Amino acid sequence: MLLTATDAGHIALEFLLADWNIRDEYREWFTIIKSRLTGESWYIVELGVEGFPDRWFIQVYDTGECDPSYTFLSPISGKEGFSDFGDLPEMVAEVLVAERKSR
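This write-up is about the structure you can find in this document. (Residues numbered from 1 in each chain as written. Predicted model: local features only at pLDDT ≥ 70, side-chain atom pairs only at ≥ 80, totals over all residues. Heavy atoms only, no water.)

### Observations concerning the pattern of salt bridges
How we decide: The salt bridge criterion pairs a side-chain nitrogen of Lys or Arg with a carboxyl oxygen of Asp or Glu, the two atoms within 4 Å. Between buried and exposed lies partly exposed: a residue is buried under 20% and exposed over 50% of the maximum accessible area for its type, with that area taken using a 1.4 Å probe on protein chains only. Helical segments are the DSSP runs of H or I of at least four residues, strand segments are the runs of E of at least two, and each set is numbered from the N terminus.
By the definition in use, this model includes six salt bridges. Measuring nitrogen to oxygen at the nearest pair gives 3.0 Å for the salt bridge that ties Arg23 to Glu25. Using a relative accessible area of 45% as the deciding quantity, one classes Arg23 as partly exposed. Residues Glu46 and Lys34 are paired through a salt bridge, measuring 3.9 Å at the closest nitrogen-oxygen approach. Here Lys34 lies in strand S1 (residues 30-38) and Glu46 lies in strand S2 (residues 42-49), a separation of twelve residues in the sequence. For Glu46, a relative accessible area of 13% puts it in the buried group.

In structure tokens:
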């Protein structure tokens, strides 16, 4: 059975939260921006943090598996540290800084 775009979005979100060990209390900060079928058997899901330009792109296969080699893109450099985070929870800010520094 082929997943729906909504299913793929939720699977990708769960994958990202598990990959970063993000507790449930922070899940509402992460949003599914777009989920689109690519090819016959997988989706590209775009995730982000509300109000920030950072994006994760995760492949979700029709088996429900995610490709662990996801892509992260941000126009903001990791060198800028925590300057743009305001009232973002520390856990979510740390994930963004780590991703920005790793690219």
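The structure having been displayed, the exposition proceeds.
### What to know about the pairing of S2
In plain terms, the rule: A pair of strands counts as paired when DSSP detects no fewer than two bridges linking them.
Judged by how many residues are buried, S2 sits mostly within the fold: seven of eight residues are covered. The hairpin turn running from S1 into S2, its antiparallel successor, is three residues long, and Gly39 in that turn takes a positive phi close to 70°. Across seven bridges, S2 lies against strand S3 (residues 55-61) in antiparallel orientation. Bridging from a neighbouring strand, Val45 pairs with Ile58 of S3.

### Details of the environment of Glu40
As for its placement among the helices and strands, Glu40 is situated in the loop between S1 and S2. Judged by its relative accessible area of 74%, Glu40 is exposed. Considering only alpha carbons, one finds Glu40 and Leu2, 38 residues apart in sequence, at a separation of 9.0 Å.

### What about the packing of aromatic side chains?
Note the following rule: Each aromatic pair joins two rings of Phe, Tyr and Trp (for Trp, the six-membered one) with centres within 6.5 Å, and gets the label stacked for planes under 30 degrees apart, edge-to-face for over 60, and tilted for any other angle.
Considering all chains together, one arrives at four aromatic pairs under this definition. With a centroid separation of 6.2 Å and 85° between ring planes, the pair formed by Phe15 and Tyr70 is classed as edge-to-face. Here Phe15 is found in helix H1 (residues 5-19), whereas its partner Tyr70 is found in the loop between S3 and strand S4 (71-73), with 55 residues between them in sequence. Taking relative accessible area as the criterion, Phe15 reaches 21% and is therefore assigned partly exposed.

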